[in-house]
Amino acid sequence: MDNVLESVIKSSAGLIWKISKMFYGVEKADLYQAGVLGVIKAYNNYQSDGDTKFSTYAYKYIYGEMYAVASSKSIKVSKDILKLSKMIEHGRNILAQKLLRTPSNSELAAFLEIEEEKIEQALLCASSILSIDNESDDERSLHETIALEEAVTQDEKMLLSESLDTLNPLEKDIISARYYEDLTQSETARKLGITQVMVSRYESKSLAKMREFMYM
């Protein structure tokens, strides 16, 4: 292995581990090895055009190799990725109606408050995900996942708990009151001694942060 390729693999380690989170029920070591193979294939085929970063180009190769490993073990792709794809599609439909044309990825990224690179990466694997986790699966929105925590899987509970840790104390208190105690925004405002407008603003901000953590 040449030194340049070895350096590329090392610098891609974070991306490999990140993509591996899209799959469950398969050893992370196996997924990592598949990811390294994807990086090598991407390296051998990559030709810089000045616009496409190597990480963006390599994404589909890494994902493809992991998908092959997961499929061989009859493992399903994480539903979080399906949810992200659906969120992107929903956002595209809303923007298309407003703009009277198909929105660009940059417009879609701004509307959904998601990095454009993540939009592009999600679109790369959307079709294969939809073919596996189709509409017959039981899908939950982030709101439903929080409100129905007792009904979700252990992995979902862990991911939800980790997403809550991204919030500051006030944001945690608001989410706890709204979704764990099932209080209205007015009741939450009275309990925390703030205005309903603040509850609404912080709730939206908090859910966006949690969605960013869980679906990215």
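Before reading further, recall that the structure is shown in the block above.
Fair warning: this is a prediction, and the values are worked out from it, not measured in the lab.

K.L.:
I'd love a proper account of the side chain of Glu-65, names of residues and values included.
P.N.:
Position of Glu-65 relative to the elements: it lies in helix H4 (residues 54–72). Polar side-chain contacts of Glu-65 include one of 2.7 Å to the side chain of Lys-41. Setting aside its immediate chain neighbours within four residues, Glu-65 contacts Ala-34, Leu-37, Gly-38 and Lys-41.

K.L.:
So what's going on with unusual backbone geometry? Residues and values would help.
P.N.:
Even without being glycine, Glu-113 reaches a positive phi, approximately 60°. As for its position among the elements, Glu-113 is in the loop between helix H6 (105–112) and helix H7 (116–132). With a relative accessible area of 61%, Glu-113 lands in the exposed category.

K.L.:
If you had to explain the nonpolar core to someone new, which residues and values would you point to?
P.N.:
The biggest cluster of nonpolar side chains holds 22 residues, and the ones touching the most others in it are Ile-19, Phe-23, Val-39, Ile-62 and Met-66. When contributions to this core are tallied by element, the ones reaching two or more residues are helix H1 (3–11), helix H2 (13–20), helix H3 (28–45) and H4. For this core, the element with the highest residue contribution is H4, accounting for eight residues.

K.L.:
Describe the packing of aromatic side chains, listing the residues and the values that go with them.
P.N.:
Applying the stated criterion across every chain, the model contains five aromatic pairs. When the centroid spacing of 4.7 Å and the interplanar angle of 25° are considered together, the rings of Trp-17 and Tyr-32 count as stacked. Linking Trp-17 in helix H2 with Tyr-32 in helix H3, this pair joins segments that are 15 residues apart in sequence. Its relative accessible area of 40% is what places Trp-17 among the partly exposed residues. Ring plane angle 55° and centroid distance 5.2 Å describe the contact between Tyr-46 and Tyr-57, whose orientation is recorded as tilted. Here Tyr-46, found in the loop between H3 and H4, pairs with Tyr-57, found in helix H4; they are eleven residues apart in sequence, far enough to count as distant. A residue is classified by how much of its surface remains accessible, and Tyr-46, at 24% relative accessible area, is partly exposed. Counting every residue linked through ring pairs, the aromatic cluster contains Tyr-46, Phe-54, Tyr-57 and Tyr-61.

K.L.:
Would you mind going over the pattern of salt bridges in detail, with residue names and values included?
P.N.:
Inspection of every chain in the model, using the stated rule, returns seven salt bridges. Here Glu-171 ties to Lys-209 by a salt bridge, and the two come within 2.9 Å at their closest N and O atoms. With Glu-171 in helix H10 (residues 169–180) and Lys-209 in helix H12 (residues 196–215), this residue pair connects regions lying 38 residues apart in the sequence. Residue Glu-203 is joined to Arg-178 by a salt bridge in which the shortest nitrogen-to-oxygen separation is 2.8 Å. Note that Glu-203 is positioned in helix H12 and Arg-178 in helix H10, a separation of 25 residues in sequence. Each member of the pair Glu-203 and Arg-178 is classed as buried.

Basis of the calculations
- Residues numbered from 1 in each chain as written.
- Predicted model: local features only at pLDDT ≥ 70, side-chain atom pairs only at ≥ 80, totals over all residues.
- Heavy atoms only, no water.
- Helix = DSSP H or I, 4+ residues; strand = E, 2+ residues; numbered from the N terminus.
- Polar contact = N/O pair within 3.5 Å; in protein donor to acceptor, adjacent residues only side chain to side chain.
- Contact = heavy atoms within 4.5 Å.
- Buried < 20%, exposed > 50% of the residue type's maximum accessible area, 1.4 Å probe, protein only.
- Core = buried A, V, L, I, M, F, W, Y, C linked by side-chain atoms within 4.5 Å.
- Phe/Tyr/Trp six-rings, centres within 6.5 Å; stacked < 30°, edge-to-face > 60°.
- Salt bridge = Lys/Arg side-chain N within 4 Å of Asp/Glu carboxyl O.

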